[in-house]
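Each chain, written out:
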Amino acid sequence: MKRITISVPDDVADKAQRAVDAGDVPTMSGYFTRLAKREPDWVAARAIVAEMIEEAGGLSEEDYAWARASLGLDAQTSAVA
């Protein structure tokens, strides 16, 4: 177990406290731990996608343009950051 200190906006802290008060989680730490466990590991996901792209021989600019358009991203946003 590692102890860390974080700062969050008041409304987020209030939401976490309501969850504790309602008995949904035992502590404020429990609230944020539960959230973090549910959140996908985006760093690992991007690494997997990058590996798949490399194994496929890379992607063309047309491929990236299609992906950006399909995801609703602007042309300046990388599909695999």
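First things first, this report covers the structure right here in the doc. Here, residues in each chain are numbered from 1, in the same order as that chain's written sequence. Local features in this predicted model are restricted to residues whose pLDDT is 70 or higher, and side-chain atom pairs enter the listing and the counts only when it is 80 or higher, whereas totals over whole chains, interfaces and linings include all residues. Remark: hydrogens and water are excluded; side-chain values derive from all non-hydrogen atoms of the structure.

### Describing the overall build of the protein
Going along the chain from the N terminus, every DSSP run of H or I of four or more residues is numbered as a helix, and every run of E of two or more is numbered as a strand. Scanning the protein for helices and strands turns up four helices and zero strands. Scanning the protein from its N terminus toward the C terminus, one meets helices and strands in the order α-α-α-α. The globule rule used for comparison is 2.2 Å times the number of residues to the exponent 0.38, while the radius of gyration itself is calculated over C-alpha atoms. In summary, the protein has a C-alpha radius of gyration of 19 Å against a globular reference of 12 Å for 81 residues, an excess of more than 25%. Over its C-alpha atoms, taken along the principal directions, the protein stretches across nearly 50 × 30 × 20 Å. Exposed residues in this analysis have more than 50% of their type's maximum accessible area, buried residues have under 20%, and partly exposed residues fall in between, with area computed by a 1.4 Å probe over protein chains only. Residues counted as buried form 11% of the 81 residues belonging to the protein. Here the contacts in the protein between residues at least 6 apart in sequence split such that 23% fall between residues at least 24 apart. Values of accessible area rely on a 1.4 Å probe in the Shrake-Rupley scheme; residue burial ignores everything except the protein chains shown. Total accessible area on the protein is roughly 6900 Å²; 56% of this is exposed by carbon and sulfur atoms. Across the protein, the mean location of the 9 positive side-chain charges is 11 Å away from that of the 14 negative side-chain charges. Residue contacts are counted whenever heavy atoms from the two residues lie within 4.5 Å of one another. Charge assignment: positive for Lys and Arg, negative for Asp and Glu; neither His nor the chain ends contribute. Charge positions come from single atoms, namely NZ of Lys, CZ of Arg, CG of Asp or CD of Glu.

### Description of helix 1 (residues 10-21)
Given a helix with a known number of residues, its expected span is that number minus one, times 1.5 Å. Taking 1.5 Å of rise per residue, twelve residues should cover 16 Å, and helix 1 covers 16 Å from first to last C-alpha, within 8% of that figure. Burial in helix 1 covers these residues: Ala16, Ala19 and Val20. Taken down its axis, helix 1 places every buried residue within 100° of arc, on the same side. For helix 1, exposure combined with an orientation more than 90 degrees from the buried face picks out Asp10, Asp11, Arg18 and Asp21. Of the surrounding elements, those touching the buried residues of helix 1 are helix 2 (28-38). Backbone geometry just after helix 1 places Gly23 at a positive phi near 85°. Directions pointing from the helix axis toward each C-beta atom define the arc.

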